[in-house]
Amino acid sequence: MAEVIHPTHESGGAHHHAPPTTWWRKYVFSLDHKVIGIQYFFLALFSAFVGMGLSLLMRLQLAYPGQAFGFLKTLFPEAAPNGVITPEMYLSLVTMHGTIMVFFVLTTAPQGGFGNYFLPIQIGAADMAFPLLNMLSFWTTFIALAFAIAALFCTATTLGPIGGWTGYAPLSALGDIAGPGQGLGVQLWVTSIAFFCVASLLGSLNFITTMLNMRTKGLSLMRLPLTCWAWFTTAVLSLLSFPVLLAAGVLLLFDQLGGTSFFIPTGTYVSGKLISSETEQSGGSPILWQHLFWFFGHPEVYIAILPGMGLTSHVLSTFARKPVFGYKAMVYAIFAIGLLGFFVWGHHMFMSGMDPRTAIAFSLITLTIGVPSAIKTFNWLGTLWNSQIRFDTPMLFSLGFVSLFVSGGITGLFLGQTTVDISLHDTYFPVGHFHLIMGVAAIFGIFTGTYFWFPKMFGRKMNEGLGKLHFFISFIGVNAIFIPFHVMGLVGAPRRYSTHDELNFLKSVMPLHRFITIMVIITIAAQFVFLFNVFWSLAKGKKAEVNPWEATTLEWDIPSPPPFDNFGGVEPVVYRGPYEFSVPGEAKDYSMQTEPPGAKVHGD
């Protein structure tokens with residue numbers, strides 16, 4: 001593709017807004033994209049530890065069903081009477097763990113956190129296109145999290161609704177008659193989701209406008225870092241999928257509070273009562289909820305994983321000291337994954353009774369996504385081939401991302417096939433699959449970004465020894481946790497059950513449950529090492545140079561941390577691609593994007 005230089009924009013020297021003059025404007029209601037990025041990051045960090053805490057309670061119940069824990073009796077006297085987790089409380093843990101991790105960690109940190117901070121800098125802009133919108137987007141996300149936390153405490157007998165993070169109708173539409181937490185709990189839960197959808201829409205508009213209109217001189221589309229392409233594609237996915245979930249959530253609230261029946265079918269019989277005859281709510285379709293939810297739900301997988309893909313490509317090239325193998329193919333593969341992601345939602349509904357011919361169509365398109373995914377994987381391997389790899393912590397987490405993406409992707413091929421999926425659908429097999437590819441792979445992408453960009457964000461480096469300890473325990477831990485999930489799925493262990501020890505054919509999986517729980521405790525302990533490393537490094541970490549990783553993109557050309565207007569009022573000019581490592585004839589093994597070809601640089 002020929003290089004097309006974008007017209008000059010007003011970044012660099014002309015900032016959108018003046019520097020903050022008050023503490024509130026500088027640190028709380030800031031318009032600065034860097035402050036907002038850090039706010040998103042710490043919101044996601046808080047959410048991750050809440051989500052991990054919920055998962056630990058689930059694991060204690062599964063490994064030791066019926067076991068009394070004194071601290072549970074103290075904390076949750078009604079949800080865990082005598083210190084024993086009830087089935088209802090277990091289901092609420094499943095619901096809120098999934099909701100908090102998917103929305104407030106996997107969706108928030110890679111895009112809202114790192115994207116907000118680094119997209120403007122990597123394209124040579126002074127800020128996002130709409131700083132006020134950016135601030136509103138963060139605080140709307142904060143309100144969404146507040147509603148989710150409120151849902152945890154809305155009933156004494158559970159920790160929120162019990163319908164799972166998918167909130168399947170009609171039980172989510174009926175109110176308290178469907179179970180504890182299904183009334184006020186669902187209302188708070190769906191309000192949280194609605195606020196999150198609005199925040200994501202505001203953020204998406206900002207990302208798309210910023211990347212298309214605010215690139216600096218010389219930064220053509222094919223000179224953009226792959227991180228920018230990933231954030232851009234993620235923003236497009238968010239813009240098209242979150243409105244559908246928002247509409248579904250509003251309809252669900254109408255069913256709960258307004259007496260409508262969008263998702264309540266005729267003749268619904270729950271808890272010994274015929275719902276339709278008592279409330280006159282009838283004629284709706286619970287399958288409609290599934291269609292609306294999964295039309296958002298499958299692109300959500302790529303909203304979570306694409307930023308990690310872009311960053312992994314970026315970091316592999318930097319630490320392998322080689323250009324990205326097949327840069328253009330990587331860009332097109334990102335687009336292809338995003339596009340195909342909108343046509344496969346039906347593979348989550350093979351069990352819903354859909355026409356088998358429709359299921360085959362969804363199955364074929366699902367398997368087609370394997371092509372661009374394989375292109376990315378082979379190009380990552382091509383980037384590493386015959387390279388001089390530097391095994392710093394960001395590189396280790398990037399390699400871990402590739403490993404987990406491949407492991408989770410391969411098991412996805414089984415679930416994309418209709419007949420295999422039907423037998424595995426309600427077992428632990430898909431739980432292991434989506435935790436590997438959507439959960440921990442995306443989280444490894446977040447860790448990659450944290451270790452890689454921490455020096456630029458805070459002017460200090462994180463401790464390498466602690467970082468490598470964090471990596472090795474986490475990598476071994478997540479594999480020891482989620483690969484056995486697949487084994488349990490193959491022997492038929494059903495998901496969402498609060499215990500497996502009451503079924504004779506599943507008694508053999510109980511030792512596996514206990515092993516997994518021990519590995520969960522060890523892996524969670526490793527995350528406290530990470531947490532300590534973050535806060536210790538903020539105060540005591542080694543001062544970072546401007547470009548500690550000898551990288552090439554624009555963020556490594558400015559002070560650490562960057563000044564208010566990023567480039568000190570000077571608009572940078574880009575002369576090169578983003579991954580010019582080991583260029584023959586150059587004095588050093590990397591060339592900054594701002595270095596004219598053949599120019600002598602400082603230190604030559």
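Refer to the structure presented above.
### A closer look at the overall build of the protein
Check the secondary structure of the protein and you find 18 helices and two strands. In terms of C-alpha radius of gyration, the protein reaches 25 Å, essentially the compact-globule figure of 25 Å for 604 residues. For the C-alpha atoms alone, the extent of the protein along its principal axes is close to 80 × 55 × 50 Å. Each of the 604 residues in the protein was classed as buried or not, and the buried ones make up 59%. Restricting to contacts in the protein with at least 6 residues of sequence separation, those with at least 24 account for 80%. Averaging the positions of the 29 positive and the 29 negative side-chain charges in the protein gives two centres separated by 8 Å.

### Brief notes about the environment of Leu367
Its location among the elements puts Leu367 in helix α12 (residues 356-368). Residue Leu367 is classed as partly exposed on the basis of its relative accessible area, which comes to 33%. C-alpha of Leu367 to C-alpha of Tyr332: the two residues are 35 residues apart in sequence and 18 Å apart in space.

### Things to note about the packing of aromatic side chains
For the structure shown, the criterion picks out 59 aromatic pairs. Residues Trp231 and Trp453 carry aromatic rings whose centres are separated by 6.0 Å and whose planes lie at 35 degrees to one another, so their mutual orientation is tilted. Placement of the pair is Trp231 in helix α8 (residues 226-258) and Trp453 in helix α16 (residues 428-458), with a sequence separation of 222 residues. The exposure class of Trp453 is buried, given its relative accessible area of 0%. Grouping aromatic residues by their ring pairs yields a cluster made of Phe41, Phe42, Phe114, Tyr117, Phe118, Trp231, Phe319, Phe452, Trp453, Phe535, Trp549 and Trp556.

### Here we look at the pattern of salt bridges
Inspection of every chain in the model, using the stated rule, returns 11 salt bridges. The shortest N-O distance in the salt bridge between Glu580 and Arg576 comes to 2.8 Å. For Arg576, a relative accessible area of 3% gives the class buried. Sharing partners across several salt bridges, the network here consists of Arg321, Arg390, Glu550 and Asp589.

### Quick word on the packing of helix α5 (residues 108-122) against α16
Put simply, α5 and α16 touch, their axes get as near as 12 Å, and they point 40 degrees apart. On the basis of their axis angle, the class for α5 and α16 is oblique. Here α5 runs over α16; the crossing is left-handed. Together, Ala109, Pro110, Phe114, Tyr117, Phe118 and Gln122 of α5 and Ile446, Gly449, Thr450, Trp453, Lys456 and Met457 of α16 make up the contact between the two elements. A per-class count over the contact of α5 with α16 returns eight nonpolar, three polar and one charged.

### Remarks on helix α17 (residues 464-490)
Taking 1.5 Å as the rise per residue, α17 with 27 residues should run 39 Å; its terminal C-alpha atoms sit 39 Å apart, in good agreement. A distance of 3.0 Å separates the backbone nitrogen of Gly465 from a side-chain oxygen at the start of α17, and that oxygen is part of Asn463. Positive backbone phi, at 95 degrees, marks Gly492, one or two positions downstream of α17.

### A few points about the side chain of His470
Tracing the backbone shows His470 in helix α17. A polar contact of 2.9 Å, which involves the side chain of His470, links it to the side chain of Gln527. Beyond its immediate sequence surroundings of up to four residues, His470 is in contact with Phe397, Phe447, Tyr451, Ala526, Gln527 and Phe530.

### Structural notes on the side chain of Thr158
Residue position: Thr158 is located in the loop between α6 (131-152) and α7 (184-213). There is a polar contact of 2.7 Å between the side chain of Thr158 and the side chain of Thr155. Polar side-chain contacts of Thr158 include one of 2.8 Å to the backbone oxygen of Gly160. Non-local contacts of Thr158, meaning those with residues more than four positions away in its chain, are made with Ala79, Glu88, Met89, Ser92, Leu152, Pro180 and Gly181.

### Considerations on α16
Along α16, the sharpest change in direction is near 45 degrees and occurs at Phe452; proline Pro455 comes one to four residues later. Burial runs high along α16: 29 of the 31 residues are buried. Immediately downstream of α16, the backbone of Gly459 shows phi near 75 degrees, a positive value.

### Points about the nonpolar core
In summary, soluble globular proteins display a tendency toward joint burial of nonpolar side chains. Counting residues in hydrophobic clusters, the biggest one holds 171 residues, and the most contacted among them are Met89, Phe103, Trp229 and Trp453. Among the elements that line this core, the one with the most residues is α16, at 17 residues. Among residues more than four places away in sequence, those in contact with Trp453 are Phe114, Phe118, Gln122, Thr227, Trp231, Leu311, Glu555 and Trp556.

### Comments concerning the packing of helix α14 (residues 393-415) against α17
Orientation of α14 relative to α17, taken along the N-to-C sense of each, is 10 degrees, at an axis distance of 10 Å. Judged by the inter-axis angle, α14 sits roughly parallel to α17. Along the contact surface, α14 presents Thr393, Pro394, Leu396, Phe397, Gly400, Ser403, Leu404 and Thr411, while α17 presents Glu464, Gly467, Lys468, His470, Phe471, Phe472, Phe475, Val478, Asn479 and His486. A per-class count over the contact of α14 with α17 returns eight nonpolar, eight polar and two charged.

Rules and cut-offs
- Residues numbered from 1 in each chain as written.
- Predicted model: local features only at pLDDT ≥ 70, side-chain atom pairs only at ≥ 80, totals over all residues.
- Heavy atoms only, no water.
- Helix = DSSP H or I, 4+ residues; strand = E, 2+ residues; numbered from the N terminus.
- Rg over C-alpha atoms; globule rule 2.2 N^0.38 Å.
- Buried < 20%, exposed > 50% of the residue type's maximum accessible area, 1.4 Å probe, protein only.
- Contact = heavy atoms within 4.5 Å.
- Lys, Arg positive; Asp, Glu negative; His and termini not counted.
- Charge placed at Lys NZ, Arg CZ, Asp CG, Glu CD.
- Phe/Tyr/Trp six-rings, centres within 6.5 Å; stacked < 30°, edge-to-face > 60°.
- Salt bridge = Lys/Arg side-chain N within 4 Å of Asp/Glu carboxyl O.
- Axes fitted to C-alpha atoms, helices over the stretch in contact; angles between N-to-C directions.
- Parallel < 35°, antiparallel > 145°, perpendicular 65-115°, else oblique.
- Left-handed = near helix turned anticlockwise from the far one by under 90°.
- Nonpolar A, V, L, I, M, F, W, Y, C, P; charged D, E, K, R; others polar.
- Expected span 1.5 Å × (residues − 1).
- Polar contact = N/O pair within 3.5 Å; in protein donor to acceptor, adjacent residues only side chain to side chain.
- Bend = angle between axes of the 7 residues up to and from the residue.
- Core = buried A, V, L, I, M, F, W, Y, C linked by side-chain atoms within 4.5 Å.

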